[in-house]
Amino acid sequence: MTEHEILEAATQAVVAADEDKAVEVAKEAVALGLDPLKVINQGFTPGMRVVGDLFERGTMFLPEVILASEAMVAAVAILEESLPEGQREKQVGTVVLGTIEGDVHDIGKGIVATLLRVYGFQVHDLGRDVALTTFVDKVKETGAGIVGSSALMTTTMVGQKALEKMLKEAGLRDQVKTMVGGAVVTQYWADKIGADAYAENAQEAVAKALELAAN
Amino acid sequence: MTHKERMLAALAGAPVDRVPVFSANQTATYGQMDVSGAEWPEAHQKAGPMAKLAMAAHTALGFDAVRVPYCQTMESEALGCGVKYAGREGIPRIDVHAYHIGDPISLPDDFLERGRIPELLEAVRILKRELGDEVAVMGNVVGPFSIVANLIGITEALKASFKKPESLLPLLEVAEQAGTVLGRALVDAGADIIVIEDMMASIDVISPPIYRDVAQQPEARQVAALSDVPTIMHICGKLNPIISDVAATGVSGISVEPTVDAVAARAVLRELPRHVALIGGVDAVETLYSGTPEDVKRDVRKALADGYDLIAPGCSVPPSAEMANLKAMVEAAEESRAPQPA
C-alpha cells in the first residue's frame, strides 16, 4: 500500500468502527516506516472527526461511536509505540474529566476524552463515580486549564454545582475553566451554576474546549 | 372522580374531570422525606419506610398516583449484581456487573424472594391497604434492555447491540422474564398500574434499528404478559423516530421527556387504531428543580395545549426539587378543570 492508501484505509477503518482493520492498518504503516504522527493526524484523526459529524447529524449512534473510538485508541497506541521520545505533538491544553459520583456509566465522557485527545489535548480521565474532592485534587496536581464533569441523572447533577463551589473554595476557580455535560444537563443549567461551557455532545465538547483553551 | 379513576380513565382515553398528575419515574424529594419521616436509604430497603415515603406523593403533593421503588436496581440485584447505596442523598446503583456475554443465565426459582423484592412487594400491599381504591398504586419494573445493561455493563451491551445482537438474546430473555415475574407479583400485591422504565433503550443511546431489532420485542412480550392492567413505558430522549414502535409494544401510555416534539408524537399516536396516552410535559431539571411554581404552571398549560393526556415530570424528580414546584403541577391541573354545570 502507498502512504496515501494507508491514510485512506485508516480513515475508513475508524468510520467503519472496525478495530481489527484499524490495528492492521496501523501495523502496516509501522512496517512501511511511515511517519506515525502523520498517520495519526491525517489518517485516523479525520476518521474520528467524520464519526463525530455523523453522530451529530443523527446518522450514527452511540454503539458505533464507542466501537469507532476504541478502534482509534487501539491504532494510535500502536503508532505511538514507534514514535521517538520527544516527538509528541505540542498539547493544546490539559483537561481533567470525570463523571460525577453516583452516576451509573461514563460512555459519553469516554468518547469526549478520546475526541479531546484526537484534537491534541492532554486528558486526565478520572473515570466514573468520581468524588468531587478527586476532581479538585487532580486540577491542583496537573494545573489543568479545563475541568469537565458529566452528570446523567437528576440525582447527580447537583454535584456539578457543588464542584463549582469547591473549586472556588480551593482558590482554583480563576485558573480553571469548567465544562459540564451529560444526559440531564443543559445550557440553562450550566448558566445557572456558573459553569464556563456546556456541550450537548462530544463534537461540541471539543469545539467548546478549543474555545476555552484559546482564551 | 377518585384519583385512581382519573388515572385509569386518562390512560384509557376516557373523559376525565381534570387531567391527572403523577410521576412515572422516581418521585421522592428531601421535602417529602422531611414531612413523611421516611427517608433514604431505609426507604430503598424496608417495606415500611418505602411505602411511607411513596405515600407522601399523594398526601403532601396531591398526586393522583404513588409509586415504588425509587431505584432501578431491584431485578439486577436479585439476579446477582452488586449494589452500592448513596445514603440519604441518592439512589442505589449497580457497582458489580454479574455477567458477561455468553455466560449461562436463567431466572432463579426463588427470584421473588431475593434481594429487596419481598420488601418492595410488601410496600405495595401496605400502599394498597392505606390508599384503597382512592389513589392509584404503581409498581415499577425495569425494561429488558436496561436490565441487560446492568447485568453486563452498558458499554458491553451497546457494543454487542451493534456488532452481535444475537449474543444478547439469552440475557434479554431472562431480563424480560425478571421484569415480567416481578410485574405480575406487583399486580398480585395490589398495583393498579405497572410502569416499565427502559431508560437505556433510548435513541440517545441506541439507534432506531437497534431499538426495533433488540429492545422492542422483549418489551412487547412483557407488556403482553401484563395486559390485565394498564402499562406505561418510560424511555428517555427524543423519542419521535420510534414513538410508533414503542406504541406497538401494546402499552397503554408512553412517558417521555420534554425534548420530544409532543405535537408530532400526539399526531402519530392519534393515527393508531387504539388510544395510547402521551405522558409528561414538565421539565424535571429546568422547571421542577430550577424554576418557580409559576414556571411549572406554564409547563403544564403548554403540555395540555400540546396534547399530553397525563401530566408528569419528563424524567426522575430531582430529590432536591422544592415541594412547592411539585404541588404547582396539581394546582395547574385543577385550574384546567372543566367548569361544572350549574
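Keep in mind that this is a model prediction, so the values were computed, not measured.

The helix and strand inventory of chain A stands at 9 helices and 5 strands. Along its sequence from the N terminus, chain A presents helices and strands in the succession α-α-α-α-β-α-β-α-β-α-β-α-β-α. Considered along the principal axes of its C-alpha atoms, chain A spans approximately 55 × 40 × 25 Å. The proportion of buried residues among the 215 residues of chain A is 51%.

Looking only at helices and strands, chain B has 15 helices and 9 strands in total. By the compact-globule yardstick of 20 Å for 342 residues, chain B fits well, its C-alpha radius of gyration being 19 Å. Referenced to the eigenvectors of the C-alpha coordinate spread, the extents of chain B come out at roughly 65 × 45 × 35 Å. Within chain B, the fraction of its 342 residues that count as buried is 60%. If you take every contact in chain B between residues at least 6 apart in sequence, the share linking residues at least 24 apart comes to 73%.

What follows deals with the nonpolar core. Ranked by internal contacts, the top residues of the largest apolar core, which has 198 residues, are V66, V148, I311 and M329 of chain B. Element by element, the count of residues in this core is highest for helix 4 (residues 62-81) of chain A, at 10 residues. Here this core gathers at least three residues from each of two domains, domain 1 (3-81) and domain 2 (93-214) of chain A.

Once that is clear, we can look at the pairing of strand 4 (residues 136-142) of chain B. Residues and elements named next belong to chain B. Burial analysis of strand 4 places 7 of its 7 residues in the buried class, the great majority of the element. Judged by which residues are buried, strand 4 turns out to be covered on both faces: A136, M138, N140 and V142 on one side and V137, G139 and V141 on the other are all buried. Pairing geometry for strand 1 (residues 65-68) and strand 4, over 4 bridges, is parallel. Bridge pairing in strand 4 links V68 to G139.

On to the sheet that holds strand 1 of chain B, then. Residue and element names in this part refer to chain B. In spatial order, the strands read 1-4-5-6-7-8-9; together these 7 strands make up an open sheet with parallel pairing. Lying at the two open borders of the sheet, with one neighbouring strand each, are strand 1 and strand 9 (310-313). Along the sheet, successive strands turn relative to each other by an average axial angle of 30 degrees, direction set aside. Of the strands in this sheet, strand 4 and strand 5 (193-197) touch helix 9 (residues 169-189), which is tilted by about 165 degrees from strand 4.

What follows concerns the domain arrangement of chain A. Residues and elements named next belong to chain A. Entries for chain A in the domain assignment read domain 1 (3-81) and domain 2 (93-214). Here the C-alpha centroids of domain 1 and domain 2 sit 26 Å apart. Contacts between the two partners involve 12 residues from domain 1 and, on the opposite side, 8 residues from domain 2. Elements with a minimum of two residues in the side of domain 1 that touches domain 2: helix 3 (36-56) and helix 4. In terms of residue class, the side of domain 1 that touches domain 2 is built from 7 nonpolar, 3 polar and 2 charged.

A few words now on the interface of chain B and chain A. Across the contact, 29 residues belong to chain B and 21 residues belong to chain A. Elements with a minimum of two residues in the side of chain B that touches chain A: strand 3 (93-96), helix 8 (154-163) and helix 13 (284-289) of chain B. The element that contributes the greatest number of residues to the side of chain B that touches chain A is helix 8 of chain B, accounting for 7 residues. Of the residues that constitute the side of chain B that touches chain A, the class distribution is 17 nonpolar, 7 polar and 5 charged.

All names here are of chain A. Read from one edge of the open sheet, 5 strands run 2-1-3-4-5, paired in parallel fashion. What marks the edges here is a single partner per strand, and that holds for strand 2 (121-125) and strand 5 (197-198). Pairing between strand 1 (residues 93-99) and strand 3 (residues 146-150): 5 bridges, direction parallel. When the bridges of strand 3 are listed, T99 appears paired with S150. Along the sheet, helix 9 (residues 202-214) makes contact with strand 1, strand 2, strand 3, strand 4 (177-181) and strand 5, crossing strand 4 at roughly 170 degrees.

Below, the discussion takes up the packing of helix 4 of chain A against helix 8 of chain B. One can describe the packing of helix 4 of chain A onto helix 8 of chain B by two numbers: an axis separation of 8 Å at closest approach and a directional angle of 100 degrees. When the interaxial angle is binned, helix 4 of chain A and helix 8 of chain B end up roughly perpendicular. Residues L62, P63, E64, I66 and L67 of chain A of helix 4 of chain A touch helix 8 of chain B, and the partners they reach there are T155, L158, K159, S161, F162 and K163 of chain B. For the contact of helix 4 of chain A with helix 8 of chain B, the per-class residue count stands at 6 nonpolar, 2 polar and 3 charged.

To continue, consider the environment of A321 of chain B. All names here are of chain B. Residue placement: A321 occurs in the loop between strand 9 and helix 15 (323-335). Residue A321 is classed as buried on the basis of its 26 C-beta neighbours within 10 Å. For A321, the contacting residues outside a window of four places in its chain are T29, L288, Y289 and L326.

Rules used throughout
Residues numbered from 1 in each chain as written. Chains lettered and ligands numbered in written order. Predicted model: local features only at pLDDT ≥ 70, side-chain atom pairs only at ≥ 80, totals over all residues. Helix = DSSP H or I, 4+ residues; strand = E, 2+ residues; numbered from the N terminus. Buried ≥ 20, exposed ≤ 12 C-beta atoms within 10 Å, placed from the backbone. Rg over C-alpha atoms; globule rule 2.2 N^0.38 Å. Contact = placed C-beta atoms within 7 Å. Core = buried A, V, L, I, M, F, W, Y, C linked by C-beta atoms within 7 Å. Domains from an automatic or database assignment. Pairing = 2+ DSSP bridges. Axes fitted to C-alpha atoms, helices over the stretch in contact; angles between N-to-C directions. Nonpolar A, V, L, I, M, F, W, Y, C, P; charged D, E, K, R; others polar. Parallel < 35°, antiparallel > 145°, perpendicular 65-115°, else oblique.

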